[in-house]
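# Structural overview
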Amino acid sequence: MNKKITVIGAGLAGCEAAWQAAERGVEVTLYEMKPKRFSPAHHSEGFAELVCSNSLRSIQLSNAVGLLKEELSLLGSLIMEAAYQSRVPAGAALAVNREAFSNYITEKIRNHPKITVINEEITEIPTEGIVVVASGPLTSEALSRSISELTGGDELHFFDAAAPIVDFSSINTEVAFFASRYGKGDAEDYLNCPMTKEQYDAFYEALISAECAPLKAFDRELQEDLKVFEGCMPVEVMAKRGYDTLRFGPMKPVGLPLPETGEDAYATVQLRRENREGTMYNLVGFQTHLTFPEQRRVFGMIPGLENAEFFRYGVMHRNTYLNSPGFLTPTYSVKGREGLFFAGQMTGVEGYIESTSSGFVAGLNAALLALGEPSAVFPKETQIGALAHYVSEGGIGSSFQPMNANFGIIAPLDKKVKGGKKYRNEAYAERSLAIIKERYGNSHTNENTD
Ligand SMILES: Cc1cc2nc3c(=O)[nH]c(=O)nc-3n(C[C@H](O)[C@H](O)[C@H](O)COP(=O)(O)OP(=O)(O)OC[C@H]3O[C@@H](n4cnc5c(N)ncnc54)[C@H](O)[C@@H]3O)c2cc1C
């Protein structure tokens, strides 16, 4: 039996995938292009380089990414082990000393008897053997071309321009009303937040003066190359074109009469259902480059969204990612191409820990395939499984956008939990961890959590 696999990219996902396979006795060849070549965001020679923040976000179990961390810790994740070993004080967040974090992982990988590291850029997807491609959101050009060919051209995106997604249960439905424009289609697909002229004026002023996130040089260049603003202009840029531009664009009120009066509002923000369960809604046409606190402040001025909880914020940045729904399976393998897996940010998960989780699932399944064992599909009741299912199945309606860990994608609870969101989220966490412990064993619980 062919008990070996190849992993491309020693980032968060690639290291986790390589480790999981090697720990199961599979020979791993890990290719990393650094230090011969660096992406525009990578600068150090070490593996699992954190390209931006040193925070891996919350560790609280009532937070979805906190739950995902705990699941990964229980499952024996190398990245989580390194994170706790290199932890620096950061309140309820897990922040790390980035050098110590990367050094820990680099040493573990380099010293593993089953892992061989080769510092080479891979320019084409290997046609033979079991392969995990984990080359990240800034995959080198040659490999991107090869992936593009594999997917038929249109299935690989190079830029992520996404509108925010909010938690349905945090929307005030006494203000926001269900209706699709001119009554076409299913009314439940859209929620509408109507504005008076006074509300629009205040919102407009706040939007055009709000703070934007700084653009990285390579994001700016790519935006110019792709003429991204032609197709999906950020809502704040559109607003700056003129007072009425939004009212004739994404905030068009026509065909959406107010339920009480039958009249059109002065302006209307539409939210479209993001998933079948109806737990998530996205703000249609609101792709944005505002900072996250400004998104909370300015979009919180939209009637009905005063207390909106954001599952994901709007972003506009360079991001090489696959149109994964229908292309990947929940094990992150390519449908119809046995032995080829993708992992990390390029599968359409978003964030350090989310990339790690897809690396875990892909690496584990690549190893199981090499060992001739059945694959492991994590259930939707767990955060690790919910992400894998979301990526491979997608939401509804709008085009596929990368997704971070959140409770909107997890399978709903059987019964309603009283006491508010915190208690509901804790119930999700309790259910998920029980499944992980029962089905997958308690291989590496974390001893260093304080
Ligand atoms: C600029 C930027 C900032 C980000 N900031 C954050 C943040 O603050 N918080 C957060 O949660 N997420 C952030 N992300 C998103 C994402 O979580 C990270 O990019 C994360 O590192 C993705 O993990 P990965 O393993 O998929 O890719 P990476 O960590 O990027 O690893 C990919 C590896 O593959 C190598 N590689 C690339 N092409 C080849 C090739 N052809 N052959 C061999 N090796 C190759 C690269 O050198 C790299 O080491 C950011 C992304 C970007 C681009």
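Residues numbered from 1 in each chain as written. Predicted model: local features only at pLDDT ≥ 70, side-chain atom pairs only at ≥ 80, totals over all residues. Heavy atoms only, no water.

Counting its regular elements, the chain contains 13 helices and 16 strands. Taken along the three principal axes of its C-alpha coordinates, the chain extends 70 × 50 × 45 Å. Each of the 450 residues in the chain was classed as buried or not, and the buried ones make up 55%. Look at the contacts in the chain between residues 6 or more apart in sequence, and 70% of them connect residues 24 or more apart. Just so you have it, the chain exposes about 19200 Å², and 49% of that area is on carbon and sulfur atoms. (Helix = DSSP H or I, 4+ residues; strand = E, 2+ residues; numbered from the N terminus. Buried < 20%, exposed > 50% of the residue type's maximum accessible area, 1.4 Å probe, protein only. Contact = heavy atoms within 4.5 Å. Areas by Shrake-Rupley, 256 points an atom, 1.4 Å probe, with all protein chains shown as cover.)

In space, the five strands of this open sheet follow the order S6-S2-S1-S7-S16, with parallel pairing throughout. Of all the strands in the sheet, the pair left with one neighbour each is strand S6 (115-118) and strand S16 (340-342). If you compare each strand with its neighbour and ignore which way they point, the axes differ by 20° on average. As paired strands, strand S2 (residues 27-31) and S6 are joined by four bridges and run parallel to one another. (Pairing = 2+ DSSP bridges. Axes fitted to C-alpha atoms, helices over the stretch in contact; angles between N-to-C directions.)

When you line up the elements, Ser-148 lands in helix H5 (residues 141-151). The exposure class assigned to Ser-148 is buried, which follows from its relative accessible area of 15%. Residues in contact with Ser-148, not counting those within four places in the same chain, are Gly-153 and Leu-156.

Considering all chains together, one arrives at 15 salt bridges under this definition. With a shortest N-O distance of 3.0 Å, Lys-36 and Glu-120 are connected by a salt bridge. Of this pair, Lys-36 sits in the loop between S2 and strand S3 (55-58) while Glu-120 sits in the loop between S6 and strand S7 (130-133), and the two are 84 residues apart along the sequence. For the salt bridge of Arg-57 with Glu-354, the shortest nitrogen-to-oxygen distance reads 2.9 Å. Of this pair, Arg-57 sits in strand S3 while Glu-354 sits in helix H11 (residues 352-370), and the two are 297 residues apart along the sequence. Given a relative accessible area of 32%, Arg-57 falls into the partly exposed group. (Salt bridge = Lys/Arg side-chain N within 4 Å of Asp/Glu carboxyl O.)

Near the ligand lie 32 residues; those nearest to it are Glu-32, Ile-122, Gln-345, Gly-351 and Tyr-352. In this structure, Glu-32 approaches the ligand through a side-chain N or O atom, which is 2.7 Å from an oxygen atom. Contacts to the ligand include Ser-355, whose side-chain N or O atom sits 3.5 Å from an oxygen atom. Starting from 980 Å² of accessible surface for the ligand in isolation, the protein chains cover 92%. Only helix H1 (12-23) and H11 provide two or more residues apiece to the shell around the ligand. Residue composition of the shell around the ligand, grouped by class: 14 nonpolar, twelve polar and six charged. (Near = heavy atom within 4 Å. Polar contact = N/O pair within 3.5 Å; in protein donor to acceptor, adjacent residues only side chain to side chain. Nonpolar A, V, L, I, M, F, W, Y, C, P; charged D, E, K, R; others polar.)

Most of strand S8 (residues 156-162) is tucked away, with five of its seven residues classed as buried. Pairing analysis gives six bridges linking S8 to strand S15 (residues 315-322), with the strands arranged antiparallel. Bridge pairing in S15 places Phe-159 opposite Arg-318.

With that settled, the discussion passes to the domain arrangement of the chain. Taken domain by domain, the chain holds domain 1 (4-160 + 317-440) and domain 2 (165-313). Using C-alpha coordinates to define each centre, domain 1 is positioned 31 Å away from domain 2. Opposite the 26 residues of domain 1 that make contact, domain 2 presents 22 residues. Interface area, domain 1 with domain 2, both sides summed: about 2000 Å², of which 58% is carbon and sulfur. Inspection of the region where domain 1 meets domain 2 yields two salt bridges. Here Asp-167 and Arg-424 are joined by a salt bridge, their closest N and O atoms 3.4 Å apart. Where domain 1 meets domain 2, there are seven residue pairs in polar contact (both at pLDDT 80 or more). Among the elements of the structure, S8, S15 and helix H13 (421-440) are those that each provide at least two residues to the side of domain 1 that touches domain 2. If you tally residues by element for the side of domain 1 that touches domain 2, the top one is S8, at three residues. Taken together, the residues of the side of domain 1 that touches domain 2 break down into 13 nonpolar, eight polar and five charged. (Domains from an automatic or database assignment. Buried area = accessible area lost by both parts, 1.4 Å probe.)

Before going further, it helps to spend a moment on the environment of Ala-405. Relative to the elements of secondary structure, Ala-405 occurs in the loop between helix H12 (383-393) and H13. Distance in space between the C-alpha atoms of Ala-405 and Arg-312 is 8.9 Å, their sequence separation being 93 residues. Apart from the residues within four sequence positions on either side, Ala-405 is in contact with Ala-64, Val-65, Leu-68, Glu-354, Gln-383 and Leu-387.

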